[in-house]
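The residues making up each chain are set out below.
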Amino acid sequence: MSDQALVEVSHLTHRYGEDQKGYKAVNDISFSIMEGETFGLVGESGCGKSTTGRMLVKLLDITSGAVRFGGQDISRIRGRGELLSFRRDVQIIFQDPYASLDPRKKVRDIIAEGIDVHHMAADAQDRERQVVELMEAVGLRPAHMTRYPHEFSGGQRQRIGIARALATRPRFVVCDEPISALDVSIQAQVVNLLEQLQRERKLTYLFIAHDLSMVKYISDRIAVMCRGRIVEMGDADEVYNHPLHPYTQSLISAIPRPDPHSERERVRTAYTYQEQGGELALREVEPGHFVLCAEDGR
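Every chain is numbered independently, its residues counted from 1 as its sequence is written. At least 70 in pLDDT is required for a residue's local features to be given in this predicted model, at least 80 for side-chain atom pairs to be given and counted, and no such filter applies to totals for whole chains, interfaces and linings, which use all residues. Where side-chain values are given, they derive from all heavy atoms of the structure, hydrogens and water being excluded.

Undergrad: Help me understand the side chain of Ser100, please; the structure alone is not making it clear to me.
TA: Secondary structure elements follow DSSP: runs of H or I of four or more residues count as helices, runs of E of two or more count as strands, with numbering from the N terminus. Along the chain, the position of Ser100 falls in the loop between strand E6 (90-93) and helix H3 (107-111). Side-chain polar atoms of Ser100 contact the backbone oxygen of Asp96, separated by 2.9 Å. Leave out the neighbours within four places in its chain, and Ser100 touches Phe94 and Arg164. Polar contacts, as used here, are pairs of N or O atoms within 3.5 Å; protein pairs need one atom able to donate a hydrogen and one able to accept it. Residues neighboring in sequence count only if both atoms are side-chain atoms. For this analysis, residues touch if any pair of their heavy atoms sits within 4.5 Å.

Below, the structure is given as structure tokens:
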């Protein structure tokens, strides 16, 4: 992992609705993702995780704030050429491995979408060769490239989505809950595949999920979101083993334990959201460990 930031998010906000009364799905969040890092974003459904990821890949407009990729403000990207260059470097893996694939296209053509758009193949033979390499890289049989998405299992369909995202040889990939729709037995396989591809292709990930234990396993650093705000952020082990914000503590207390005796003794901590007075900001309470609180530390 490099010490140079590839993605910089500054006071990012997204409001659904035309006027000031619209709902703030993402409310003034800031973080950076280092080159080669896996940055985990975790929280309950509706907290703004996916909205954040979609803004980073320019699938949603930014209401206010800024996102910089490689030092460039993505809101200033103009023209088809600049947008194509950005799309080639930044890709997304969607949550639903079936809804994100065109059911009318064969797997060969789904995976080659990026290759075709960016004119990355010299000819039809080169296109076929790249598709074969991508299918092998994600653990699929190239002989199945003429099949349609409905002929594959959920885990296989997600591998097709991963292959499609990798087709443009991106630098940064947003993984938007890529395992939440899969069986538990398949989740570990997909996560291990993502880690292997990161090592081989020097990728940088934003890994979005609601399962804190899985995020902790794959991530270098974690940010915990609640109601559109980042409430805690830091090293994955530090946040998981020494949570400071009550919401993070509640999330961790809800993680089931594989041991039945330990599971019976597990105490679940409820979290009740309360509006806090004063100016809230992420404050560094320990080196690299930030918690959302007011100036007086509350």
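Undergrad: What's the story with the sheet that holds strand E5 (residues 72-73) in this structure? I'm lost.
TA: Strands pair in a sheet through their backbones, by hydrogen bonds, and they do so in one of two ways: parallel or antiparallel. Any two strands with at least two DSSP bridges between them are considered paired. Within the open sheet, the four strands sit side by side as E2-E1-E4-E5. Their pairing is antiparallel. This sheet does not close on itself; its edge strands, each paired only once, are strand E2 (23-34) and E5. Across eight bridges, the pairing between strand E1 (residues 5-16) and E2 is antiparallel. Residue pairing in the sheet places Arg15 in a bridge with Lys24 of E2. For helices, the axis comes from a line fit to the C-alpha atoms of the stretch in contact; other axes are also lines fit to C-alpha atoms, and the angle between any two N-to-C directions lies between 0 and 180 degrees. Its contacts with the sheet place helix H1 (residues 49-56) against E1, E2 and strand E4 (64-69), and it is angled at close to 120° to E1.

Undergrad: Help me understand the nonpolar core in this model?
TA: Considering soluble globular proteins, one finds that nonpolar side chains tend to be buried as a cluster. Nonpolar core, defined: a set of buried Ala, Val, Leu, Ile, Met, Phe, Trp, Tyr and Cys residues in which side-chain atoms within 4.5 Å join the residues together. Categorising residues by exposure relies on relative accessible area from a 1.4 Å probe, with only protein chains included: less than 20% of the type maximum marks a residue as buried, more than 50% marks it as exposed, and the intermediate range marks it as partly exposed. Ranked by internal contacts, the top residues of the largest apolar core, which has 53 residues, are Ile111, Ile160, Ile162, Leu194, Leu197, Phe207 and Val224. Apart from the residues lying within four places of it in its own chain, the contact partners of Leu194 are Ile93, Ile162, Cys175, Pro178, Tyr205, Phe207 and Ile218.

Undergrad: Just to check I follow, could you spell out helix H10 (residues 246-253) for this structure?
TA: Three or four residues apart is the spacing at which side chains of an α-helix point the same way, because the helix has 3.6 residues per turn. Where burial is concerned, most of H10 is hidden: six out of the eight residues are buried. All of the buried residues along H10 are Tyr247, Thr248, Ser250, Leu251, Ile252 and Ser253.

Undergrad: How should the sheet that holds strand E8 (residues 204-209) be read in this particular structure?
TA: Taken together, the eight strands give an open sheet; going across it, the order is E6-E7-E8-E3-E9-E10-E12-E11, and neighbouring strands pair in mixed fashion. Sheet topology places E6 and strand E11 (281-286) at the edges, where each strand pairs with a single neighbour. Taking the axes of each pair of neighbouring strands and ignoring which way they run, one obtains an average angle of 20° across the sheet. Strand contacts of helix H2 (residues 79-89): E6 and strand E7 (172-176), with the helix running at about 50° to E6, the strand carrying the most contacts. Of the strands in this sheet, strand E9 (221-226) and strand E10 (229-235) touch H10, which is tilted by about 105° from E9.

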